[in-house]
Amino acid sequence: MASTSKQTFNPESYKNAWQRFGEEEFDVVVIGGGSVGAGAALDAATRGLKVAVVETRDFAAGTSSRSSKMFHGGLRYLAMFDFRLVAESLRERELNMATLAPHLVKPLRFIFPLTHRLWERVMMFGGFTLYDLMGGAKTVPMQKHLTRSSVLKRNPGLREDAVVGGVRYYDTQVDDARHTMMVLRTAGEYGAVVRTSTQVVGLDKVNGRVVSARLRDTDTGEETTIRGSVFINATGVWNDAIEKMAGTKGKFSVHASKGVHIVVPKDVLEADSALTFVTEKSVLFVMPWGDYWIIGTTDTDWAKTLSKPDPAPTREDIEYILTEVNKRVRREITKKDIVGVYSGLRPLLEGSSDSTTNLSRNHAVARSVPGLVSVAGGKYTTYRVIGKDAVDLALQDVPKKVSESITDQTPILGADGYHALSNQVPALAARHGLSQKQIEHLLGRYGSLYEEVLAAAADDADLLTPVPNAEGYLKAEVLYAVTHEGALHLEDVLNRRLRVGMEYAHRGLDSAEAVADLIASVLGWDEATKKQEIATFRERVEAELAAEKALTDEDANTIITEVADSRQAINTSVED
């Protein structure tokens, strides 16, 4: 049976949240609406704490919408002998796939092509066996070694001279932006007061303790002050900026590494599974994503401005990915094939190595000053553990007895009943007058909340039709993005609630006007505001396309930083 949610994020709820921020005192205030902030918020809320979450831009606007879209078990960390991280990652992968978010985290078959006949197979057998024994093969099959002919039969798009055999193994895939948003919605179900477009511009201390934060509404410029027993700094690469506001230098430092991915149509490569390649500079994944392949990633140092949530991918980044993948595939993939490009910054714990590949993917939490806990590092897969650890440390500043963490037993919204619904796809399609593919799409994005998405179509059947020039999505999803999922701007809908910006060659431009028309009345836009939203989105997309032709980070970053932000009242001076 489909379910409904009690807590929804929309303009009215944000108005109420702003008022509550200024009037009430909270046990825990989480700064940052990415995966770690979401994990901390849900952990604290389900322990019975009074929680507030503030995010400058949108849910997962930074790194948490720009990952490799995997809850991976940390296979590559076996080579670094980081067994604790692998075991932790595998446990969290299994937990999310089986219990917490089966509608969002799905098993994905991979092939690891072998390129050396003897020693590599022996080495990989040992590594994958350890991986399986540590938890890599609970609800998914164990490794299977394949001959060269078997690999090529299953994946005829691979070059014959690029493979001598292979290993089949399983990992998982997730829409990172949707997952983060749904975790925060779940925190809202348990009482957390969550608000985007809310920037921390200052921290106030009394007798050396952080007691409040000055907030700015990044849409209106209005300011208020929020009080809390403890503040959790979950801002990722912006960690140091928040600690600077508190007048302290943290107990660890954060180093940013840029990761770039490209998106190409499915027909450019004939393969029946995801692929994993090891290059001299990074691990290269080729992963199915609906009608597309996602190919990446890069791993390069980033020491430029942090005033934008995403670094610009450059021509060099794109050419590196194309060069590496084309060494291994029959049909050359070119720039003309690319429909989407995205990049993000990994917040790595600083290490002694000059190579970002060797910096720690582990996380750390520290009490920077009384009343402020900072958290950094880690992987998307372990967001729940990172959030738990942050709350555990923050509790020393909360003057009440608090229960143990229960997030390992708390399904995310849409998980309950998902498996039963997924067994009824033909019947559900007939009931709603949709195709089975459309029902599978809805269940994979909303789980048991899918009927809530379709509810508005009872009064307007047009909502069951596809979004113009983005036929993979229904108009009902656009409306739901602003009535329930907290989207406030055109880019929130096109880039994160829907993934039109990365899945269509027009990057969302050809759908922008139709989407703006659908959401304008709900968001209270007049004609001038609607046109401004479209113009801002267009300027952003055109700048990104121009940046992709720039050769260096400096040139690409200059192009991007000159573009206006949808949230025009952001104070960029406090972000770097």
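Starting afresh in each chain, residues are numbered from 1 along the sequence in its written order. Restriction of local features to residues with pLDDT of at least 70 applies here, the model being predicted, together with a cutoff of 80 or more for giving and counting side-chain atom pairs; totals for whole chains, interfaces and linings are based on all residues. Based on all heavy atoms of the structure, the side-chain values leave hydrogens and waters out of the count.

## Things to note about unusual backbone geometry
Step number 1: Backbone geometry at alanine 60 places phi at a positive 55 degrees, although glycine is not the residue there.
Step number 2: For helices the rule is a DSSP run of H or I covering at least 4 residues; for strands it is a run of E covering at least 2, with both sets numbered from the N terminus onward. With respect to the secondary-structure elements, alanine 60 resides in the loop between strand E2 (51-54) and helix H3 (83-100).
Step number 3: Although it is not a glycine, lysine 69 adopts a positive phi angle of roughly 60 degrees.
Step number 4: On the secondary structure map, lysine 69 appears in the loop between E2 and H3.
Step number 5: Note on lysine 69: relative accessible area 0%, which makes it buried. Under the scheme applied here, a residue whose accessible area is under 20% of the maximum for its type counts as buried, over 50% as exposed, and between as partly exposed, the area being computed with a 1.4 Å probe on protein chains only.

## Some details on the pairing of strand E12 (residues 283-289)
Step number 1: Within E12, seven of the seven residues are buried, which leaves it mostly tucked inside the rest of the structure.
Step number 2: Burial of the side chains of E12 extends over both faces: Val283, Phe285, Met287 and Trp289 are buried on one face and Leu284, Val286 and Pro288 on the other.
Step number 3: Strand direction decides the pairing type here: strand E11 (residues 274-278) and E12, joined by four bridges, are antiparallel. Counted as the bridge partner of leucine 275 is valine 286 from E12.
Step number 4: Linking E11 back to E12 in an antiparallel pair, the connection comprises four residues.
Step number 5: Pairing between strands is defined by DSSP: at least two bridges between the two strands are required. Alignment of E12 against strand E13 (residues 292-296), held across five bridges, turns out to be antiparallel. Along E13, the bridge assignment pairs tryptophan 289 with tyrosine 292.

## Some details on the confidence of the model for the protein chain
Step number 1: Taken over all residues, the pLDDT of the protein chain has a mean of 91, while the share at 70 or more is 94%.
Step number 2: pLDDT expresses how confident the predictor is about each individual residue, on a scale running from 0 to 100. Residues are treated as being in contact if the distance between any of their heavy atoms lies within 4.5 Å. Within the model, the stretch residues 351-361 combines pLDDT values under 50 with 27 contacts to residues more than four positions away or in other chains.

## Considering helix H15 (residues 490-497)
Step number 1: Counted residue by residue, H15 has seven buried out of eight residues, so it is predominantly covered.
Step number 2: Residues of H15 that are buried include every one of Leu490, Glu491, Asp492, Val493, Leu494, Arg496 and Arg497, and no others.
Step number 3: As for H15, its buried residues are in contact with helix H6 (176-189), helix H12 (436-446), helix H14 (475-483), helix H16 (500-503), helix H17 (509-523) and helix H18 (527-547).

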